[in-house]
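Descriptive structure summary
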Amino acid sequence: MDIDAAGGAVTAGLIAGAVEKPTGQAGEHEAHVCSDCGAETTGNFCANCGQPTHVHRTLIHLGEEVLHGVMHFDARIWRTLPLLAFNPGRLTREWIHGRRTRYVSPLAMFLFTVFVTFFALSFVRMPDAPLAPVGAVAGEEGAAEFNAGRQQIAAARAEAVTAGDKVALDVADSVLAGVSGQTAKGGQPRQDGMEPGSWQVGVRDLASRVYADPDAGPTEKKWAKKLMNPDLALYKIQQTFYKFAFLLIPLSIPFMALLFLWRRRATLYDHGVFVLYSLTFVVLAGLIAMGFGLIHPALGAVAWFAVILGTPVHQFAQLKGGYELGWLSTAWRFVFLQVFCVIVVSLFLSTVLWLAVGT
């Protein structure tokens, strides 16, 4: 998983680097004819195709290109990040009005930050929730419930038609047997290394009960079958979130357009720039808060609290400055924007869960 995440981060950087053309000095002008299109040149770049007139062919420069593709490590990032954090309205307005060569493009920023975030998340292990074993909490009543659940599973298995359903029911029976401290089918105790109080066992227990419930519908049984392997389900959710993060953009733009129906100067492109820079700020802020949490839980709590409070403030400033609005016009649009954010996030999370587990 870590290797895949690292490859994803490198790929993301290269994609982001391909989105925007490099700027800056390409070296001393040494040729009068472009090596790409053959046009005459008079400076560091070809006026016809834009390729640098000085083509590097050294191993050191190859390393520089990789570093630039992955990290965007040039002067533009240092101009873009401070404005993104403290003056997002100006950054959005500058890009919309065409003053772009000094800044990293919003699409490149968004792609890179999303992939870097999930690269970092691949190294963070989710702690087990300290859930008490159900049998120890419920006592004899809990043991009776487990026995009844296993009987239901046995009955359902007798009526199962497909081999996949029988295997899933066997897993459910093993889970109930392991959690209740019994052996599955008269064999040896569970040897999967899973502690009875871990969050995985809790999810498996709930999924097995739903799957064995004769009143459960086909959709519920389908989800329960996937959740019987909670580690795999969580991995698929993370990967789906990572792959389909771009859906936040087309989901958000129509709602932004609703805020400016009668303002012809604001185009869908302008709304896309606003959404990309805003999402980039949220992702970067969350990444920083996660880093503080790894240092100390208290620092993480303070950082996440700052992110929760700072994001609406950032959106208000970006809305006012990016679209050059007055205070009143910004205020009522900001209220609707918060409602739209909740709707978009709900739609996105529902889509991710459906793609990861429901399909």
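Residues numbered from 1 in each chain as written. Predicted model: local features only at pLDDT ≥ 70, side-chain atom pairs only at ≥ 80, totals over all residues. Heavy atoms only, no water.

Things to note about the overall build of the protein chain
Under the convention used in this document: A run of H or I in DSSP becomes a helix once it reaches four residues, and a run of E becomes a strand once it reaches two; helices and strands are each numbered from the N terminus. Per-residue accessibility, obtained with a 1.4 Å probe over protein chains only, is compared with the maximum for each type, and a residue is labelled buried under 20%, exposed over 50%, and partly exposed between these values. Each accessible area is a Shrake-Rupley estimate made with a 1.4 Å probe; only the visible protein chains count as cover when residues are assessed.
Counting its regular elements, the protein chain contains 14 helices and 0 strands. When the elements of the protein chain are put in sequence order from the N terminus, they spell out α-α-α-α-α-α-α-α-α-α-α-α-α-α. Within the protein chain, buried positions represent 37% of all 359 residues. Of the accessible surface of the protein chain, which amounts to about 20,600 Å², a share of 66% is contributed by carbon and sulfur atoms.

Brief notes about the state of the cysteines
For clarity, the cut-off: Note on disulfides: each one is a pair of cysteine sulfur atoms within 2.5 Å.
Evaluation of the coordinates by the stated rule reveals 0 disulfides. The cysteine Cys37 is free of any disulfide, with Cys46 supplying the nearest cysteine sulfur at 3.6 Å. Cys37 gets classed as partly exposed once you look at its relative accessible area, which sits at 36%.

Observations concerning the nonpolar core
Note the cut-off: To form a nonpolar core, buried Ala, Val, Leu, Ile, Met, Phe, Trp, Tyr and Cys residues must be joined to one another through side-chain atoms within 4.5 Å. The contact definition used throughout considers only heavy atoms, calling two residues in contact when any of these lie within 4.5 Å.
Grouped together as the largest cluster of nonpolar side chains are 28 residues, with contacts concentrated most on Met256, Phe260, Phe274, Leu319 and Tyr323. Elements represented by at least two residues in this core include exactly α5 (106-121), α11 (248-258), α12 (268-295) and α14 (327-358). Counting residues per element, this core draws most heavily on α14, at 6 residues. In contact with Leu319, other than residues within four places in its own chain, are Met256, Phe260, Phe274, Glu324, Leu325, Thr330, Arg333, Phe334 and Leu337.

Some thoughts on the packing of aromatic side chains
So the rule is basically this: Stacked, tilted and edge-to-face pairs are distinguished by plane angle, under 30 degrees for stacked and over 60 for edge-to-face with tilted covering the rest, among Phe, Tyr and Trp rings (Trp via its six-membered ring) whose centres lie within 6.5 Å. In this scheme, the term charge over a ring applies when either NZ of a lysine or CZ of an arginine sits within 6 Å of the ring centre and within 35 degrees of the ring normal.
In the structure shown here, the tally under the stated rule is 10 aromatic pairs. On the numbers, 5.1 Å between centres and 40° between planes, the contact of Phe255 with Phe340 is tilted. Of this pair, Phe255 sits in helix α11 while Phe340 is found in helix α14, placing the two residues 85 residues apart along the sequence. Phe340 matches Phe255 in its accessibility class, with the two residues each being buried. Pairwise contacts between aromatic rings join Phe255, Trp262, Trp332, Phe336 and Phe340 into one cluster. One residue, Lys320, lies across the ring of Trp327, its end atom 4.9 Å from the ring centre.

Quick look at the packing of α12 against helix α13 (residues 297-322)
We count it as follows: For every element, the axis is a line fit to its C-alpha atoms; helices are fit only across the contacting stretch, and the angle between N-to-C directions ranges from 0 to 180 degrees. Angles are sorted into four bins: roughly parallel if under 35 degrees, roughly antiparallel if over 145, roughly perpendicular if 65 to 115, and oblique for all others. A crossing counts as left-handed when the near helix is turned anticlockwise from the far one by less than a right angle, and as right-handed when that turn is clockwise. In this count, Pro and Cys sit with the nonpolar residues alongside Ala, Val, Leu, Ile, Met, Phe, Trp and Tyr, while Asp, Glu, Lys and Arg are called charged and the others, Gly among them, polar.
Two elements in contact, α12 and α13, have axes separated by 7 Å at closest approach and are oriented at 165°. On the basis of their axis angle, the class for α12 and α13 is roughly antiparallel. The way α12 lies across α13 gives a crossing that is right-handed. Partitioning the contact of α12 with α13 into residue classes produces 16 nonpolar, 8 polar and no charged.

So, the packing of α5 against α12
Direction vectors running N to C along α5 and α12 enclose 25°, while the axes themselves pass 9 Å from each other. In terms of orientation, α5 and α12 fall into the roughly parallel class. Read as a crossing pair, α5 and α12 show a hand that is left-handed. Of α12, the residues touching α5 (which contributes Pro106, Leu107, Met109, Phe110, Thr113, Val114, Val116, Thr117, Ala120 and Leu121) are Val273, Leu276, Tyr277, Leu279, Thr280, Val283, Leu284, Leu287 and Met290.

With respect to the pattern of salt bridges
Keep this limit in mind: The term salt bridge refers to a pairing of a side-chain nitrogen on Lys or Arg with a carboxyl oxygen on Asp or Glu at a separation within 4 Å.
A complete count under the given rule lists 1 salt bridge for this structure. In this structure, the salt-bridge partner of Glu94 is Arg99, at a minimum N-O distance of 2.6 Å. Among the residues examined, Glu94 registers a relative accessible area of 9% and is labelled buried.

Some details on the side chain of Thr311
You can see Thr311 is positioned in helix α13. Aside from chain neighbours lying at most four places away, what touches Thr311 is Phe281 and Val282.

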